[in-house]
Amino acid sequence: MTRKIFLSITLISVAAVAMTIALITGLLSRSYRTHAKGQLRDEGIIIASGVEMNGGKFLDSTDFGDLRVTWISSGGRVIFDTDKDPTAMDSHSQREEVKEAFSSGEGSAVRYSDTIRTTSLNYAKKLSDGSVIRVSTDHFSFINGLASVLQPLMMILAAAALLGLLAAITVSKRIVKPINSIDLDRPDISGSYRELSPLLTKLSAQNKRAGRQVEELRRSREQFSLITESMSEGLIIAGSKGNILACNSGASRLLGAEPPADGASIFTLNSSEPFRRCIQDAMGGKRSELILSTEGCDRQIIASPSSGVTGVTGIVVFIIDVTERQQLETLRREFTSNVSHELKTPLTTIYGISDMLANGIVRQEDIERFGGEIRSEAQRMISLINDIVSLSKLDEDSVPRQDEEVDLYDLAQQVLSRLRSNADGKQLTLSLTGEHVKFFGNKTVLDEIIMNLCDNAVKYNVSGGAVEVKISHIPTKARITVSDTGTGIPPGDLDRIFERFYRVDKSRSRKIGGTGLGLSIVKHGVSYLGGAVRAESVPGKGSVFTVELPTLPRKK
Ligand code: ADP
């Protein structure tokens, strides 16, 4: 802008000076010529009157200087000429000024000669005898005259241009300074040109509006990140080209990646082929889902396209930790298949025997034995179904609260008496020690816990062994300890015996009526009551199961 103003001022000043010179030159040139013409006429009249009075003598005796004087007869013949021999000159009757003088008494003409490249001013005056006196002089135009003063003139012009230049620099700087000093963030109308005030007012209003919008944007971004950061799920919002617009820490954590840089590609978070395909599907406008399994972790990726009028404008990706869900799903599948298997075995036996009975191919003396087998297989199925029902109730947390005060010592005594006949069959010693500890909880669950532990202690005991139940009270907890002198459990199996259908010796467990669900019921029951169970065992010597239940009222 400074340059433009500077150039304009310089050009205007130089043009103004040049125009002034041209104008003055033109005006002066005109008046110079008028003046010269007038002077020539005056001289012509004087010379004409001199000739009128003294004839040719006057012409011969007078020095006319630069002035050319010609005397032309009424016929046009040159009688006298100061510059040339009259006899060598042609007729002048057709000269413009002469012709005019002949007809009207005087005449004048300005003539340019190509041969001598000069302009001459001519004046002719008719004498009383009909002859004509013509005076002429070379006309040096004012412009020609200017040539002599060209150098000083050019110097004046240069000085004027220089002055114009300096003025242009100063003026342009001064004009631009208030504009340059405008603070565009806080335009101050008072300190600037009045002409700029509508612009500055608008700018100020726009600044305020933009400021408000930026503040709103910042606040909503903050709110957005506050909400998304508190999510345990991962959330990524990306543009249609896969450039990340927003990504919460959950997303990078679940994908095991570093937090991405602003605008980074979504594939920097995970470059695996399934992830890439899932994201590309979403970018193509198709909702896509995927389970990404890495190092024992399962992540569900849900990528949804966000579509506008122009097509897919971006994608939203949810990442959910489904490790537990997947594990539960696997457990459920295993459980279903185990249950089917466990039910199928007794049913096959029952079907086989009943088929033989129906076909009358069983001998009379075998009927009782086969009947016994049907009963024991049916018994096994009933136990299994009972265990499944107990377990699923605990699983679904659908055990009714029905909490009551239970004397654990008394409950253990009842359990042991129920097992007496089984114990007697193996000549086992059952003993109960400890104190009458009162526990507030669901009696059925407590019964199942003690029953399963004691039943195992009897089942997996050796003939003539012992089972000891101890009820004790430790700070804030009730403790139930069931010890036996049975087969014991190998250390490698100790961690797994609480799993559903896990048995150390499958065929032995089946033979003695085990369902493989007893300890699972114990574990779930204990956890339902807010406690913990642990097992210690020395193979060949026996096992100790310890249950500890909190006696403080539970929050749930
Ligand atoms: P089961 O119905 O087969 O007894 P459990 O879940 O009660 O199923 O027990 C799982 C497995 O743990 C049993 O099959 C058995 O191998 C082992 N076990 C449980 N209690 C004892 C114990 N007191 N002594 C030895 N082994 C035991």
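As shown above, the structure is provided for reference.
> Help me understand a positive patch on the surface, please; the structure alone is not making it clear to me.
Taken together, the side chains of Lys202, Lys208, Arg209 and Arg212 present a region of like positive charge at the surface. Inspection of the secondary structure assignment puts Lys202 in helix H6 (residues 197–229).

> Would you take a moment to explain the layout of surface pockets for this structure?
Picture a little ball the size of a water molecule; that probe, rolled over the atoms, points out where space is still empty. Taken as a whole, the largest pocket spans an internal volume of roughly 990 Å³. Around the largest pocket sit 47 residues that line it, and Asp455, Asn456, Lys459, Tyr460 and Gly514 are the ones nearest its centre. Sorting the residues of the lining of the largest pocket by element identifies helix H10 (367–395), helix H11 (408–425), helix H12 (443–459), strand E15 (477–484), helix H14 (506–511), helix H15 (518–528) and strand E17 (542–550) as the ones contributing at least two each. At nine residues, the largest contribution of residues to the lining of the largest pocket is made by H12. For the lining of the largest pocket, the class distribution of residues is 18 nonpolar, 19 polar and ten charged. Structurally, the lining of the largest pocket is a two-domain feature, drawing no fewer than three residues from each of domain 4 (326–395) and domain 5 (403–550).

> Just checking my understanding: could you explain a nonpolar patch on the surface for this structure?
On the surface, Leu162, Leu165, Leu166 and Ile169 cluster together to form a nonpolar patch covering roughly 340 Å² of accessible area. Relative to the assigned elements, Leu165 resides in helix H5 (residues 150–180). In this structure Leu165 comes out as partly exposed when scored by relative accessible area, which is 31%.

> How do you make sense of helix H1 (residues 2–54) when you look at a structure like this?
Turn by turn, an α-helix covers 3.6 residues, leaving residues three or four places apart pointing in a common direction. With 53 residues, H1 should cover 78 Å at 1.5 Å per step; its first-to-last C-alpha distance of 76 Å lies within 8% of that length. Taken together, the buried positions of H1 are occupied by Ile5, Thr10, Ser13, Thr25, Ser29, Ala36, Leu40, Gly44, Ile47, Ala48, Gly50 and Val51. Gly55, located one to two residues past H1, shows a positive phi value of around 65°.

> Just to check I follow, could you spell out the site of the ligand for this structure?
In the vicinity of the ligand lie 20 residues, with Tyr460, Ser509, Thr515, Gly516 and Leu519 positioned nearest. Here an oxygen atom of the ligand and a backbone polar atom of Thr515 are 2.7 Å apart. Here the ligand, which alone exposes 530 Å², has 98% of that area covered by the protein. With respect to the pocket detection grid, the ligand is positioned in the largest pocket. For the shell around the ligand, the secondary-structure elements that each account for two or more residues are H12, H15 and E17. Tallied by class, residues from the shell around the ligand come to eight nonpolar, nine polar and three charged.

> Is there a simple way to think about the sheet that holds strand E7 (residues 244–247) in this case?
Judged by pairing direction, the sheet is antiparallel, and its five strands sit side by side in the order E7-E6-E10-E9-E8 without closing on themselves. Because the sheet does not close on itself, it has two edges, and the strands there are E7 and strand E8 (288–294). Ignoring which end each strand starts from, the neighbouring axes of this sheet average 20° apart. Bridge count between strand E6 (residues 234–239) and strand E10 (residues 311–321): six bridges; the pairing is antiparallel. Looking at E10, one finds that Ile236 is bridged to Val317. Here helix H9 (residues 323–358) sits on the sheet and contacts E8, strand E9 (297–308) and E10; the angle it forms with E9, its principal contact strand, is near 120°.

> Would you mind showing me how to read the pattern of salt bridges here?
Opposite charge on two side chains makes pairing possible when the charged atoms of those side chains draw close. As enumerated under the stated definition, the model contains 26 salt bridges in all. The residue Arg111 makes a salt bridge to Glu97 at a minimum N-O spacing of 2.9 Å. Note that Arg111 is positioned in strand E3 (residues 106–113) and Glu97 in helix H3 (residues 96–104), a separation of 14 residues in sequence. With a relative accessible area of 27%, Arg111 lands in the partly exposed category. The residue Glu215 makes a salt bridge to Arg218 at a minimum N-O spacing of 2.6 Å.

> Is there a simple way to explain the nonpolar core in this structure?
In summary, soluble globular proteins display a tendency toward joint burial of nonpolar side chains. In terms of nonpolar packing, the biggest core is built from 53 residues, with Ile471 and Ile497 touching the most fellow members. Two domains share this core, each providing at least three of its residues, namely domain 4 (326–395) and domain 5 (403–550). If we ignore the near neighbours within four places in the chain, the residues touching Ile471 are Leu408, Tyr409, Ala412, Leu432, Thr433, Gly434, Glu435, Val437, Arg479 and Ile480.

> What is the right way to look at the side chain of Asp407 in this model?
Tracing the chain through its elements places Asp407 in strand E11 (residues 403–407). What makes Asp407 buried here is its relative accessible area of 13%. Engagement of the side chain of Asp407 in a polar contact is seen with the backbone nitrogen of Tyr409, the distance being 2.9 Å. If we ignore the near neighbours within four places in the chain, the residues touching Asp407 are His436, Val437 and Lys438.

> Explain the packing of H12 against H15 here, please?
Between two packed helices, both the angle of their axes relative to each other and the distance between the axes serve to describe the pair. Interaxial distance between H12 and H15 falls to 9 Å at its minimum, and their mutual angle equals 145°. Crossing geometry of H12 relative to H15 is assigned as left-handed. On H15, the residues touching Val445, Glu448, Ile449, Asn452, Leu453 and Asn456 of H12 are Gly518, Leu519, Ile521, Val522, Gly525, Val526 and Tyr528. Residues belonging to the contact of H12 with H15 are distributed by class as follows: eight nonpolar, four polar and one charged.

> In this structure, what is going on with the sheet that holds strand E4 (residues 118–126)? I would like to understand it.
Strand pairs in the sheet, formed through backbone hydrogen bonds, run parallel or antiparallel to each other. Ordered in space as E2-E1-E5-E4-E3, the five strands form an open sheet in which the pairing is antiparallel. With partners counted over all chains shown, the strands left at the sheet margins are strand E2 (78–81) and E3, one partner each. Taken pair by pair, the neighbouring strands of this sheet meet at an average axis angle of 20°, ignoring direction. Both strand E1 (residues 68–72) and E2 contribute to a ladder of three bridges, which runs antiparallel.

> Is there a simple way to explain the side chain of Thr70 in this structure?
Along the chain, the position of Thr70 falls in strand E1. On the basis of relative accessibility, which here comes to 0%, the residue Thr70 falls in the buried class. A polar atom in the side chain of Thr70 sits 2.5 Å from the side chain of Asp81. Excluding its chain neighbours within four sequence positions, the residues that come into contact with Thr70 are Val78, Phe80, Asp81, Val132, Ile133 and Arg134.

Thresholds, definitions, all that
Residues numbered from 1 in each chain as written. Predicted model: local features only at pLDDT ≥ 70, side-chain atom pairs only at ≥ 80, totals over all residues. Heavy atoms only, no water. Patch = residues over 30% accessible without salt bridge, like charges linked within 9 Å, V, L, I, M, F, W, Y side chains within 5 Å. Areas by Shrake-Rupley, 256 points an atom, 1.4 Å probe, with all protein chains shown as cover. Salt bridge = Lys/Arg side-chain N within 4 Å of Asp/Glu carboxyl O. Lys, Arg positive; Asp, Glu negative; His and termini not counted. Charge placed at Lys NZ, Arg CZ, Asp CG, Glu CD. Helix = DSSP H or I, 4+ residues; strand = E, 2+ residues; numbered from the N terminus. 1 Å grid on protein atoms, 1.4 Å probe; cavity = no way out; pocket = protein on both sides within 12 Å on 5 of 7 lines; lining within 4 Å. Points joined across faces, edges and corners; volume = space filled by probe spheres on them. Nonpolar A, V, L, I, M, F, W, Y, C, P; charged D, E, K, R; others polar. Domains from an automatic or database assignment. Buried < 20%, exposed > 50% of the residue type's maximum accessible area, 1.4 Å probe, protein only. Expected span 1.5 Å × (residues − 1). Near = heavy atom within 4 Å. Polar contact = N/O pair within 3.5 Å; in protein donor to acceptor, adjacent residues only side chain to side chain. Sits in = over half its atoms within 2 Å of the grid points. Pairing = 2+ DSSP bridges. Axes fitted to C-alpha atoms, helices over the stretch in contact; angles between N-to-C directions. Contact = heavy atoms within 4.5 Å. Core = buried A, V, L, I, M, F, W, Y, C linked by side-chain atoms within 4.5 Å. Left-handed = near helix turned anticlockwise from the far one by under 90°.

Everything listed is a geometric property; what it means functionally is a separate question.
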